[in-house]
Amino acid sequence: MSAVKEAKEKVQELDPRGSKDSLAKKIFVPLAASAASAAAAYGAQKLPRLIQDKLVPKLKEAGSSHGVGNLVTKAKELIGAQSKQLRGSQASRPQIPRKQLEQIERAQGERAKNREARRKALTS
């Protein structure tokens, strides 16, 4: 969000009149919003790995020298859970039973037949 605010400030510096239809506003504000969104997505994707590579070893060192080993274990569990959530792992998705899946497919087939019948009725 701060990137969007910074872009707005830069646009206002470029156009001190503050006209709302400024070409700079129309160009820079959406670009800044896109850049901020892309940066957030990149951070969400890379952060769990970075924590695992950089923070966990330091916690292990601190844990072995100060007797805080349980903290490292908890941190690993949290990092693993967060990375699975971010990736949308298959394990977190519920599996549909076969009978229910067959019922869904039958209902979809019936709806498709009904749609086709309605289309034919409308074109005739």
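Residues numbered from 1 in each chain as written. Predicted model: local features only at pLDDT ≥ 70, side-chain atom pairs only at ≥ 80, totals over all residues. Heavy atoms only, no water.

The next thing to look at is the overall build of the protein. Counting secondary structure elements, the protein contains four helices and zero strands. What you see in the protein, going N to C, is helices and strands ordered as α-α-α-α. Per-residue burial for the protein yields a buried fraction of 13% across its 124 residues. In the protein, the share of contacts with a sequence separation of at least 24, taken over all contacts with a separation of at least 6, comes to 37%. (Helix = DSSP H or I, 4+ residues; strand = E, 2+ residues; numbered from the N terminus. Buried < 20%, exposed > 50% of the residue type's maximum accessible area, 1.4 Å probe, protein only. Contact = heavy atoms within 4.5 Å.)

This part takes up the confidence of the model for the protein. In this model, the protein carries a mean pLDDT of 76, and residues with pLDDT of at least 70 account for 69%. At the low end of the mean pLDDT range in the protein sits helix α3 (residues 69-87), at 68; at the high end sits helix α4 (residues 98-123), at 91. (pLDDT = per-residue confidence, 0-100.)

Looking now at a nonpolar patch on the surface. A cluster of nonpolar residues, Leu23, Ile27, Phe28 and Leu31, forms a patch on the protein surface that exposes about 400 Å² of accessible area. Positionally, Phe28 belongs in helix α2 (residues 23-66). Judged by relative accessible area, Phe28 falls into the partly exposed class, the value being 40%. (Patch = residues over 30% accessible without salt bridge, like charges linked within 9 Å, V, L, I, M, F, W, Y side chains within 5 Å. Areas by Shrake-Rupley, 256 points an atom, 1.4 Å probe, with all protein chains shown as cover. Salt bridge = Lys/Arg side-chain N within 4 Å of Asp/Glu carboxyl O.)

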